[in-house]
Every structure is written in C-alpha cells, then in structure tokens.
Amino acid sequence: MNQTEAIERAKEHFAKLLDSQLKRVEQMKAGEDWADYSELKPIIVGVVGGDGIGPYITKEAVRVLEYLLQKEITEGKVQLRDIPGLTIEERAKANKALPEEALAALKECHVILKGPLTTPKKGDPWPNLESANVSMRRELDLFANVRPVKVPKQGIDWIFYRENTEGEYVLGSKGFNVTDDLAVDFKVITTQGAERIVRLAFEYAKKNGIKRVSAVTKANVIKTTDGKFLETAKKVAKDYPDIQFDDWFVDIMAAKLVDEKRRKDFKVIVLPNLYGDILTDEAAEFQGGVGTAGSANIGKRYAMFEAIHGSAPRMVQEGRAAYADPSSIMRAAVMLLRHIGLVDQAKEFEMALDICGQFEKKVALTGRADGASGAEFADYVMETLKDRNLESRWKGFQR
Ligand code: NAD
C-alpha cells in the first residue's frame, strides 16, 4: 500500500469513529435530567446481595441501614427492596449477564446497593458471560466512577470523580496502524461528557458543605481534549460561586498526593478517565485493605454503590464468609445515603465506621474465626450509633 492509500484507509476508519462519537453526543444531549431525590417518595433502594461473601456483608449493611433509617422507612420516604435473579447461578441459567427480569427490577429502583458479582472465567462451571458489573454500568449509563479515600489520622479526606465513559478509553480498542510504522490512538472528550461529571462533583461538594473542587488535566500539552475538559470545568464552576475551584496538571497532582503538607487541602477531585484510573489507585494505597473501601457508579437517572472488592470465593470455600469485613459495603452505603440527600445519617454512619474500624477497634475482624464476624461488627457499629456524643467521641480520635 502506498502512502496515499494508507491515508485514505485511515480517513475512512476515522470517519466511522467520528460518526459513532457524534451519535453518542446526540444521545447525551437527549438524555434525562438529573434525578431529584427530594421529590421522590419513596426513594427505592434496590439491594443486590451478589455472590460469595456478597450476601453476608450486604445483609450486615442492610441491618445498619434499617436501624439508621427507622424513621424514613416508617414514614415511607425510603424503601429497601431485594432484587433477585442476579447470582451467578441465576445469570448462568438465563445465559445472560443481566437477565431481563432482574434488569427491569433494577430499573424500577432509584439507587442500588450491590454486593460483588462473580464474573465467570475459563475453567469455571458457568457459561462465559460478560461481567454483570460492566453490563450494569452500560445499561444504566453510570458515567461517573466515584471513589473516596479517607485516612483520618493523616487528615486525608478525598473523593475522586473519575469520568467513566470517555477519554483515552472510549476508543481504546479502535486505534489503528496507519502504516507498519505509524500507530494512532484517539482521545475523546465531549462538552456533554465533561459537563455532567464536573457538575456531579460540584453538586456533591455543595450537598456536603465542601468548599473546594479541583480539576486535574494535562491541558498545557493535550490542548484540545483536556483543554475542553478544563474549559467546561471553569464554566460549570461559575454556577457554584461559594465553592473554590482550582486546576492542576496530572503530573504535579500525582506528586502533591504524597506531599503531607499539601494533600490535606484537596477535597473533591474531578478528572478524565485515564488520569482518574491512575490517581485513584495511587490514592487508595494510603487507605489500606480492599475490605475497607466502597465506590459508586453514578448516572443521571440511576446510581449503584458497591464494595471495591469481589466475591472472595476462597473465603467461602474455606467457610470464612461470615468473617468477611462488611466495612467495604457499609462505606458504599454511606455514599448512597449522601447521594440521596440523607447527609446527616451518612455522616453518623461514617463516624461510627471510623470509630469501629479505624480508631477504637473493640471488635476486630481478621477474616477468620479467631476474629469477629461481620454480624458482630455490625452490632458494634449500631451500638456506636446509639451514642449521643458520637461526634465528640469521633473528634476525640482526630486529635
Ligand atoms: P476478591 O476481591 O473477591 O478477593 C481477593 C481477596 O481479598 C479475598 O480472597 C480475600 O482474602 C480478600 N477480601 C476481599 N474482600 C474482603 C472482605 N470484605 N473482607 C475480608 N477480606 C476480603 O478478588 P478475586 O478473587 O479476584 O475476585 C473474585 C470474583 O469477584 C471474580 O469473579 C471477580 O470477577 C469478581 N469481582 C467482582 C467485582 C464487583 O462486583 N464489582 C469486583 C472485583 C471482582
């Protein structure tokens, strides 16, 4: 192939990609408005137990939620609803990553608390289904991956808003070799995609009384796409005059996260896909084990909250499922409460988790029978929630 032919072939390929991306923009433009939870009665919280240790830890998170939300549940403001049909056995039987009935049931909820779902791999007794998690994110258009990182002893209290559907990844498998020597990949940022993630980050700050949002790009070098992300962020920031907005380049941000003097100042951090992928892994290292971390996948209409870990089949095989740490999914439940506007309840739950899991540790989980069970930990959390001086007790540990 001569050079002219190679360029013509590349143009054709490029035209197809642009076509698909412009269609995506149109879909986003036509998309729904943000759900307004204050107008909903009841807010339906779908609960998916999941696989392996999932049902064990989810059950404990639900027990604490039922305790914490007694008033809201009695008054019909919040409804917790079990969503069946999503265990690996049920998905295998239906031969679908997301069986239709279960998907329809999920779509009747407003938010979802989800235990880990097993994804079949080679050698497993199930059909080679797509990951139900990936499928759920796509079906429910959950474009924001939200991951808090908290190390109270070090004054770290960050929350990352990583864009989940664009950047370097949306066409990650669609790059091409123009010739044997020239390889090209694509990065895509849209006004709509950038705006919805940045606005979500600001709304979180506003709802939770947080006074700072930082954007991370490399707009000094990647001028067009990161430039658009940054410009969009600056525009959105104008709608939130009470919140300080600043922007950082990703290289210096990676350095500042390890700078003990500076890092305490960061609060809400919003960033495109690849930078989010890298920085959230860096940040999670400060926090500790997977059993302690929750994350959220958020879209305009739906949102799903989960532990960052999987179904831990080995713990189940070894009879240790009851000893799995439920803090991960409880932290996810804290995020869920914040998302639906139950900020005070979220704060109480979070303080109780800090006290029980990080500071006081009167009931210690080891993942084995020599430590506490998840149920005992949940009892301890609920006992702590009863404390009328919860906040001052929590503050006492900060000193
Ligand atoms: P995993 O996260 O399930 O477990 C790895 C190890 O981490 C466990 O053996 C256990 O020692 C420890 N661990 C995890 N959670 C714990 C908890 N709450 N308390 C104490 N210890 C805990 O990783 P894996 O074995 O790679 O994945 C198992 C299955 O989960 C796979 O099918 C995978 O696809 C799936 N998975 C699902 C999700 C999700 O639902 N979002 C995420 C990751 C993995």
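Located above this text is the structure these notes cover.
Because the structure is predicted, anything quoted here is derived from the model rather than measured.

**As for the overall build of the protein**
Counting its secondary structure elements, the protein contains 15 helices and 12 strands. Over its C-alpha atoms the protein spans a radius of gyration of 22 Å, differing by no more than 12% from the 21 Å that the globule rule assigns to 399 residues. Out of the 399 residues belonging to the protein, those deemed buried represent 50%. For the protein, the proportion of contacts with a sequence separation of at least 24, taken over those separated by at least 6, is 74%. Roughly 19500 Å² of accessible area belongs to the protein as shown, and the carbon and sulfur atoms make up 50% of that amount. Side chains of the protein give 60 positive and 61 negative charges; the mean places of these two sets differ by 3 Å.

**What about the packing of aromatic side chains?**
What the rule picks out here adds up to 11 aromatic pairs. Look at F14 and F186: their rings are 5.3 Å apart centre to centre, the planes differ by 15°, and that puts the pair in the stacked class. With F14 in helix 1 (residues 3-30) and F186 in the loop between strand 7 (183-184) and helix 7 (191-207), this residue pair connects regions lying 172 residues apart in the sequence. On the basis of relative accessible area, F14 is assigned to the partly exposed category, the value being 37%. Between the aromatic rings of F359 and F397, the centroid separation amounts to 5.1 Å while the plane-to-plane angle is 5°, which identifies the pairing as stacked. With F359 in helix 13 (residues 343-359) and F397 in helix 15 (residues 390-398), this pair connects stretches of sequence that are 38 residues apart. Connected via pairs of aromatic rings, a cluster forms that spans F14, F176 and F186.

**Concerning the site of the ligand**
Around the ligand, a shell composed of 18 residues is seen, among which L117, T119, G310, A312 and D325 lie nearest. Contact distances for the ligand include 3.0 Å between a nitrogen atom and a side-chain N or O atom of E306. When the free accessible area of the ligand is taken as 820 Å², the share hidden by the protein chains comes to 64%. Class assignment for the residues of the shell around the ligand results in 8 nonpolar, 7 polar and 3 charged.

**So, the layout of surface pockets**
Quantified by volume, the second largest pocket comes out at close to 970 Å³. The wall of the second largest pocket is formed by 37 residues, among which R137, D141, L142, F143 and T165 lie closest to the centre. Broken down by element, the lining of the second largest pocket gets its largest block of residues, 5 residues, from helix 6 (residues 132-139).

**Section: the nonpolar core**
Counting residues in each nonpolar core, the largest one holds 71 residues, and the members touching the most others are Y161, F349 and V381. Core analysis: the next-biggest nonpolar cluster, separate from the first, contains 17 residues, I83, C109, L117 and L140 among them.

**A look at the environment of E195**
Along the chain, E195 falls in helix 7. E195 sits in the partly exposed class, given a relative accessible area of 31%. Ignoring anything within four residues of it in the chain, the contact list for E195 reads T232 and V236.

**Focus on the pattern of salt bridges**
Opposite charge on two side chains permits pairing when their charged atoms draw close. Applying the stated criterion to the full structure yields 34 salt bridges. With its nearest N and O atoms 3.6 Å apart, the salt bridge here joins R162 to D277. Residue R162 is located in strand 5 (residues 156-163), and its partner D277 is located in helix 10 (residues 273-284); the two are separated by 115 residues in the primary sequence. Here D277 falls in the partly exposed class, since its relative accessible area comes to 25%. Residues joined by salt bridges that share partners form a network here, namely K150, R331, R338, E350 and D354.

**What about unusual backbone geometry?**
Cis peptide bonds are those with omega within 30 degrees of zero, and the linkage from K41 to P42 qualifies with -5°. Relative to the helices and strands, P42 is located in the loop between helix 1 and strand 1 (43-48). With phi around 55°, N95 is a residue other than glycine that occupies positive phi space. Here N95 is to be found in the loop between helix 4 (88-94) and helix 5 (100-107). The class for N95 is exposed, based on a relative accessible area of 52%. Look at A312: it is not a glycine, yet its phi comes out positive at around 45°.

**A short note on the sheet that holds strand 3 (residues 111-114)**
What the 10 strands build is an open sheet, ordered 2-1-3-12-11-4-5-10-8-9; its pairing is mixed. Whereas interior strands pair on both sides, the edge strands pair on one side only; in this sheet they are strand 2 (78-82) and strand 9 (244-249). Each neighbouring strand pair of the sheet contributes to a mean axis angle of 20°, computed without reference to strand direction. Examined bridge by bridge, strand 11 (residues 294-298) and strand 12 (residues 303-307) share 5 bridges and lie antiparallel to one another. Along strand 12, the bridge assignment pairs N297 with M304.

Rules behind the numbers
Each chain carries its own residue numbering, running from 1 in the direction its sequence is written. Per-residue local features are limited, in this predicted model, to residues with pLDDT of at least 70; the limit for side-chain atom pairs, both in listing and counting, is 80 or more; totals at the level of whole chains, interfaces and linings are taken over all residues. In computing side-chain values, all of the structure's heavy atoms are included and hydrogens and water are not. Numbering of helices and strands runs from the N terminus, with a helix taken as a DSSP run of H or I at least four residues long and a strand as a DSSP run of E at least two residues long. Here the globule rule is a power law, 2.2 Å times the number of residues to the power 0.38, and the radius of gyration is based on C-alpha atoms. Type-normalised accessible area, obtained with a 1.4 Å probe on protein chains alone, sets the label of each residue: buried when under 20%, exposed when over 50%, and partly exposed for intermediate values. Only heavy atoms matter for contacts: two residues are in contact if any of them lie within 4.5 Å across the pair. Accessible surface is estimated by sampling points in the Shrake-Rupley manner with a 1.4 Å probe; for residues, cover comes only from the protein chains shown. The sign given to each residue is positive for Lys and Arg and negative for Asp and Glu; His and the chain ends receive no count. One atom stands in for each charge, and that atom is NZ of Lys, CZ of Arg, CG of Asp or CD of Glu. Working definition: rings of Phe, Tyr and Trp (its six-membered ring) pair if their centres are within 6.5 Å, and the pair is stacked with planes under 30 degrees apart, edge-to-face with planes over 60 apart, and tilted otherwise. Neighbouring residues are identified by heavy atoms, a residue being near a molecule or strand if any of them is within 4 Å of it. For this analysis, a polar contact is any N or O atom pair within 3.5 Å, provided that within protein one partner can donate a hydrogen and the other can accept it, and provided that sequence-adjacent residues contribute only side-chain to side-chain pairs. Under the scheme applied here, ten amino acids are nonpolar (Ala, Val, Leu, Ile, Met, Phe, Trp, Tyr, Cys and Pro), four are charged (Asp, Glu, Lys and Arg), and all others, including Gly, are polar. Buriedness of a pocket was judged along seven lines, with at least five required to meet protein on both sides within 12 Å; pockets are open sets of points on a 1 Å grid over the protein atoms alone, cavities are sets where a 1.4 Å probe fits but cannot get out, and lining residues have an atom within 4 Å of a point. Grid points are joined across faces, edges and corners, and a volume is the space filled by probe spheres set on the points. Take the buried residues of types Ala, Val, Leu, Ile, Met, Phe, Trp, Tyr and Cys, join any two whose side-chain atoms come within 4.5 Å, and each joined set is a nonpolar core. The term salt bridge refers to a side-chain nitrogen of Lys or Arg lying within 4 Å of a carboxyl oxygen of Asp or Glu. Two strands are said to pair when DSSP picks up at least two bridges between them. To define axes, lines are fitted to C-alpha atoms, for helices over the stretch in contact only, and angles between the resulting N-to-C directions are given on a 0 to 180 degree scale.

Just geometry here; none of it tells us what the structure is for.
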